[in-house]
Amino acid sequence: MPKPRREFSPEFKREAVALLESSGWPLMQVATEVGISPSVLRNWRAVIHGGPPRSRVATPGTSPLPTPADQAAEIARLKRELDRTRMERDVLKCAHGKLLPHAQG
């Protein structure tokens, strides 16, 4: 059975981030002192400084899938890489045949 999710007040979050910034301690140490995981404290710090919250759950309006333009660019890059790899393979085959000719019977 999963652990129940703990909730913290905005004041607690601000004080934890203030402790992190004023103490000079590493994030891991402050998180342990406060009794939370380092990733939670890192997320609180980002939100307080105006950054977006980081979450494993996709937020509404964001898509975990790449856009069609991103997909097309990736396909083009992979095609160029495949062409280069094929060319390198062909050069190596040719060089291998010239350097190590098969024994004639």
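Per-chain numbering applies: the sequence of each chain, read as written, is numbered from 1 onward. Confidence filtering applies because this is a predicted model: local features only for residues at pLDDT of at least 70, side-chain atom pairs given and counted only at 80 or more, and all residues used for totals across whole chains, interfaces and linings. Heavy atoms throughout the structure, all of them, feed into the side-chain values; hydrogens and water do not.

Description of the nonpolar core
Phase 1 of the analysis: One finds Ala 16, Val 17, Leu 20, Leu 27, Val 30, Ala 31, Ile 36, Leu 41 and Trp 44 forming the largest nonpolar core, which totals 9 residues.
Phase 2 of the analysis: Strands here are runs of E lasting at least two residues and helices are runs of H or I lasting at least four, both read from the DSSP assignment and numbered beginning at the N terminus. Secondary structure elements with two or more residues in this core: helix H1 (10–23), helix H2 (27–34) and helix H3 (38–48).
Phase 3 of the analysis: In this analysis, two residues are considered to be in contact whenever any of their non-hydrogen atoms come within 4.5 Å of each other. Leaving out residues up to four positions away in the same chain, Ala 31 has contacts with Ile 36, Ser 37, Pro 38 and Leu 41. Residues belong to a common nonpolar core when they are buried Ala, Val, Leu, Ile, Met, Phe, Trp, Tyr or Cys residues joined through side-chain atoms within 4.5 Å. Residue exposure (1.4 Å probe, protein chains only): buried if accessible area is under 20% of the type maximum, exposed if over 50%, otherwise partly exposed.

Focus: the packing of aromatic side chains
Phase 1 of the analysis: Whether two aromatic rings pair depends on their centres lying within 6.5 Å, for rings of Phe, Tyr and Trp, where Trp uses its six-membered ring; planes under 30 degrees apart make the pair stacked, over 60 edge-to-face, and the rest tilted. For the structure shown, the criterion picks out 3 aromatic pairs.
Phase 2 of the analysis: Between Phe 8 and Phe 12, the aromatic rings sit 5.1 Å apart at their centres with planes inclined by 15 degrees, giving stacked as the arrangement.
Phase 3 of the analysis: On the basis of relative accessible area, Phe 8 is assigned to the partly exposed category, the value being 25%.
Phase 4 of the analysis: Aromatic side chains Phe 8 and Trp 44 sit 5.3 Å apart centroid to centroid with 70 degrees between the ring planes, which places their arrangement in the edge-to-face category. Here Phe 8, found in the segment before H1, pairs with Trp 44, found in helix H3; they are 36 residues apart in sequence, far enough to count as distant.
Phase 5 of the analysis: Put simply, the rings of Phe 8, Phe 12 and Trp 44 touch in pairs and so form one group of aromatic residues.

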